[in-house]
Amino acid sequence: MDLIPALSGRHLDADAAKQLLVLQHEKIRVLLDKARGVAERALGGKKRAAARLPDAISRIRRTVEVHLQFEERALAVILEEDAVPSSRAQHAAWFLRDHERQREALTRLHGQAMAKSELPGLAAALAVLSAGLSNDMDEEERTLSIAPAVRATPTAPMAAVADPVETKTA
Ligand SMILES: [Fe+2]
Ligand SMILES: [Fe+2]
């Protein structure tokens, strides 16, 4: 899955940047749902799900990091629309503070997953991280006045987001 489709060689205007951000948010939401499902099955005693959980968490970390890097570049374009320079700076600072907090949370969770920490604690930490990231994405969309994308139904096929995302930002 390419989180940043067809970006290279294309001029990025504010509308295109917002559209890409919201699409990325949707893909991240699907990944988070999927990982929570894996954690639930693991907690239910499924050994294969337990074995897959660290991988699911790694994928979330990689995907979100690609997104954060893209968003930090896209913000420069989007915030150009802010008429007042001081509000532009405030917005940028707010996003960067959020990203720092998100990166710390992802690093912590990933560390727990790699250390194979006990399953209930890992599942609980994943649930907390997922809820936090989902709220942050909702708030970003409100802040940037982006209409949320149509939510995928829970039964929608996951194949489109099943491939690992490599950390490439070019
Ligand atoms: Fe963000
Ligand atoms: Fe975001």
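Not measured: the values here are computed from a predicted model.

### A short note on the overall build of the protein
Moving on, step 1. Counting its secondary structure elements, the protein contains four helices and zero strands.
Moving on, step 2. If you list the helices and strands of the protein from N to C, you get α-α-α-α.
Moving on, step 3. For the protein, buried positions account for 23% of its 170 residues.
Moving on, step 4. Within the protein, contacts between residues at least 6 apart in sequence are counted, and of these 79% link residues at least 24 apart.

### A closer look at the packing of helix 1 (residues 14-43) against helix 2 (residues 47-79)
Moving on, step 1. Running from N to C, helix 1 and helix 2 point in directions that differ by 165°, and their axes come no closer than 9 Å. The orientation of helix 1 with respect to helix 2, classified from their angle, is roughly antiparallel. Taken as a pair, helix 1 and helix 2 cross one another with a handedness that is left-handed.
Moving on, step 2. Classifying every residue of the contact of helix 1 with helix 2 gives 22 nonpolar, three polar and six charged.

### Considering the nonpolar core
Moving on, step 1. Of all hydrophobic cores here, the largest spans 20 residues; its most connected members are A35, L53, I57, I60 and L126.
Moving on, step 2. For this core, the secondary structure elements donating two or more residues are helix 1, helix 2, helix 3 (85-114) and helix 4 (119-143).
Moving on, step 3. With seven residues, the top contributor of residues to this core is helix 1.
Moving on, step 4. Each residue touching I57, except ones within four places of it in the same chain, is listed here: A35, L109, H110, A113 and L126.

### Things to note about helix 2
Moving on, step 1. In a regular helix each residue adds 1.5 Å, so 33 residues correspond to 48 Å; helix 2 covers 47 Å between its end C-alpha atoms and thus fits that length.
Moving on, step 2. The sharpest bend along helix 2 comes to roughly 35°, located at L53, with the proline P54 sitting one to four residues further on.
Moving on, step 3. Of all the residues in helix 2, the buried ones are L53, A56, I57, I60, T63, V64, V66, H67, E71, A74, L75 and I78.
Moving on, step 4. In this structure, the buried residues of helix 2 make contact with helix 1, helix 3 and helix 4.

### Describing unusual backbone geometry
Moving on, step 1. The backbone of K116 sits at a positive phi, close to 50°, despite the residue not being glycine.
Moving on, step 2. Judged by the 11 C-beta atoms lying within 10 Å of it, K116 is exposed.

### Quick notes on the packing of helix 1 against helix 4
When two helices pack together, their arrangement is given by the angle between their axes and by how far apart the axes lie.
Moving on, step 1. The contact between helix 1 and helix 4 brings their axes to 10 Å, and the two run at 160°. Considering their axes alone, helix 1 and helix 4 lie roughly antiparallel with respect to each other. Once helix 1 is placed against helix 4, the crossing between them reads as left-handed. Two secondary-structure elements touch here, helix 1 through V22, H25, I28, R29, L32, A35, R36, A39, A42 and L43 and helix 4 through L119, P120, A123, L126, A127, S130, L133, S134, M137 and E141.
Moving on, step 2. Among the residues making up the contact of helix 1 with helix 4, the classes are represented as 14 nonpolar, three polar and three charged.

Cut-offs and rules
Residues numbered from 1 in each chain as written. Chains lettered and ligands numbered in written order. Predicted model: local features only at pLDDT ≥ 70, side-chain atom pairs only at ≥ 80, totals over all residues. Helix = DSSP H or I, 4+ residues; strand = E, 2+ residues; numbered from the N terminus. Buried ≥ 20, exposed ≤ 12 C-beta atoms within 10 Å, placed from the backbone. Contact = placed C-beta atoms within 7 Å. Axes fitted to C-alpha atoms, helices over the stretch in contact; angles between N-to-C directions. Parallel < 35°, antiparallel > 145°, perpendicular 65-115°, else oblique. Left-handed = near helix turned anticlockwise from the far one by under 90°. Nonpolar A, V, L, I, M, F, W, Y, C, P; charged D, E, K, R; others polar. Core = buried A, V, L, I, M, F, W, Y, C linked by C-beta atoms within 7 Å. Expected span 1.5 Å × (residues − 1). Bend = angle between axes of the 7 residues up to and from the residue.

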